[in-house]
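Listed here are the chains, written in short residue letters.
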Amino acid sequence: MTHRIAIAPSGFKESLSAARVAEAIAVGVRRVIPDAELDLIPLVDGGEGTAEALALAGGGRLVPCTATGPVGEPVASHFALLGGPGPLTAVVEMAAVAGLALVPPGLRHPGATTTYGVGELIRAALDSGARRILIGCGDSGTSDGGAGALQALGARLADRHGRELRRGGGALHELERIDASGLDPRLARTELLVACNPYNVLCGKRGVARVFGPQKGATPAEVELLSAGLERLAEVLTRDLAPAFTPATGAPVDLRTAPGTGASGGLGAGLAAVGARLRPRYDVLLDGLDLDARLARADFVITAEGALDSQTVRGKIPAEVARRAHACGVPVLVLAGTIGPGAQDVRAVGVDAYSSILPAPMTLVEAIGRSGEFLADATERAMRIMALGTRLAPLAA
């Protein structure tokens, strides 16, 4: 009997791409079941690797360029141009220019980091002739509400003295007005789609600064300053920009609490204010993969992510894979770099079992450097346990 196993993981941040994670898991499976029929389905969530993955899937190419990084220094970056019919489509991956991996550990202060480079990549895509731009959100190192991106696109953000606002979320509480007269006019003729996690909102108790600010290096005092700044940004964006970009439905987006406005430190809200549509990321990113049918054909599914915790059920790849596989009656195993508080919640979305890949306590640097090895070994262990279970099942019966 041939075993059909679907391997549908996300990447491990600052370590392995989704494709390399899938390959490492495949190595572990074949150590136990050499003749298994494997379907490798590396998945992206809008973060690291999104542009490359979509370029490969869509017959496109990566376009290298230099842009302003999150701490204000130039970084080597890229965007993708996709193939296929219809208007030329570009993919801008915000993590490639404003991701947390580009912020040195000693400079992880989200009040100072900027999305200015995201706006530069959007302009570069426009210069390449793109008339449809997909912006992937995820793995951000910023919390400026997209203010930097708007500045790079030509908007002028000023304080009460009329001075240009300095970059970074820490200055947003000083915002007085936004002058949109200098915005790149091509934006009005371009479809902007933001692929985002709909659970992330800009403001309120579950606002992006409070939920993700500490992960990006913010102290409790800085979290409150960032929250106040994003509240102020939403107010001024709504007053000065949103009326000009109200969707054809006539219903303006609530920039404070609409699903996805908190994506990538609030980048979703900033781009929504200039006409971008905020879309659930998997509706956009999984298009063309035929994921449901591929999961349904499998006898078993393995997915993975770097950290399994309470955030996993809030739109992470393992939860999405488990939900879809569960609907097909296919069991799911999750492998994770670390297991954190709330990991048990994933059972509610269809995960049958989960396990950490770490064989012993170790430093983060060592874990990152050996993650491919650990993934293969952990997969082998899991498969051997499953094989033992199938042998014992008739005895128990």
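Residues numbered from 1 in each chain as written. Predicted model: local features only at pLDDT ≥ 70, side-chain atom pairs only at ≥ 80, totals over all residues. Heavy atoms only, no water.

**Student:** Please explain the nonpolar core as it appears in this structure.
**Tutor:** Proteins that are soluble and globular tend to have nonpolar side chains buried together. One finds V118, I122, I133, I135 and I178 to be the most contacted residues of the largest nonpolar core, which totals 60 residues. Of the residues forming this core, the biggest block, seven residues, is contributed by helix 7 (residues 220-240). Look past the residues within four positions of I122 in its chain and what remains in contact with it is V92, I133, I135, L153, L187 and L271. Core analysis: the second largest hydrophobic core is formed by 24 residues, L16, A36, I302 and L375 among them. (Core = buried A, V, L, I, M, F, W, Y, C linked by side-chain atoms within 4.5 Å. Buried < 20%, exposed > 50% of the residue type's maximum accessible area, 1.4 Å probe, protein only. Helix = DSSP H or I, 4+ residues; strand = E, 2+ residues; numbered from the N terminus. Contact = heavy atoms within 4.5 Å.)

**Student:** Got a minute to help me understand empty space enclosed by the protein in this structure?
**Tutor:** Where empty space is left can be seen by rolling a probe of water-molecule size over the atoms. Taken as a whole, this structure holds one cavity of 30 Å³ or more when the rule is applied. The calculated volume of the largest cavity comes to roughly 30 Å³. In terms of lining residues, the largest cavity is bounded by Y199, N200, R206, V211, F212, Q311 and R314. Here the residues of the lining of the largest cavity are counted per class, giving three nonpolar, two polar and two charged. (1 Å grid on protein atoms, 1.4 Å probe; cavity = no way out; pocket = protein on both sides within 12 Å on 5 of 7 lines; lining within 4 Å. Points joined across faces, edges and corners; volume = space filled by probe spheres on them. Nonpolar A, V, L, I, M, F, W, Y, C, P; charged D, E, K, R; others polar.)

**Student:** Looking at this structure, how should I read helix 11 (residues 317-327)?
**Tutor:** The element helix 11 is extensively covered by neighbouring structure, given that eight of its 11 residues are classed as buried. Each element contacted by the buried residues of helix 11 is listed here: helix 9 (281-285), helix 10 (291-296), strand 11 (300-308) and strand 12 (332-339). Backbone geometry just after helix 11 places G329 at a positive phi near 75°.

**Student:** Looking at this structure, how should I read the side chain of D184?
**Tutor:** Structurally, D184 can be placed in the loop between strand 8 (177-179) and strand 9 (191-196). Taking relative accessible area as the criterion, D184 reaches 12% and is therefore assigned buried. Filtering out sequence-adjacent residues up to four positions away, D184 remains in contact with R123, L126 and L153.

**Student:** How do you make sense of the side chain of S10 when you look at a structure like this?
**Tutor:** Within the element layout of this structure, S10 appears in the loop between strand 1 (4-7) and helix 1 (18-32). A relative accessible area of 8% means that S10 is categorised as buried. Apart from the residues lying within four places of it in its own chain, the contact partners of S10 are A18, V21, L43, A304, E305 and I317.

**Student:** When you look at the sheet that holds strand 1 in this model, what are you seeing that I'm missing?
**Tutor:** The strands that make up a sheet pair up through hydrogen bonds in the backbone, lying either parallel or antiparallel. Strand order in the open sheet formed by five strands is 2-1-11-12-13, and the pairing between neighbours is parallel. Each edge of the sheet is formed by a strand with only one pairing partner; in this case those strands are strand 2 (37-40) and strand 13 (353-356). Strand-to-strand twist of the sheet, defined as the mean angle between neighbouring strand axes without regard to direction, takes the value 20°. Pairing analysis gives three bridges linking strand 1 to strand 11, with the strands arranged parallel. Counted as the bridge partner of I5 is F300 from strand 11. The sheet strands contacting helix 1 are strand 1, strand 2, strand 11 and strand 12, and the helix crosses strand 2 at an angle near 170°. (Pairing = 2+ DSSP bridges. Axes fitted to C-alpha atoms, helices over the stretch in contact; angles between N-to-C directions.)

None of the figures reported here should be taken as evidence of function without further support.
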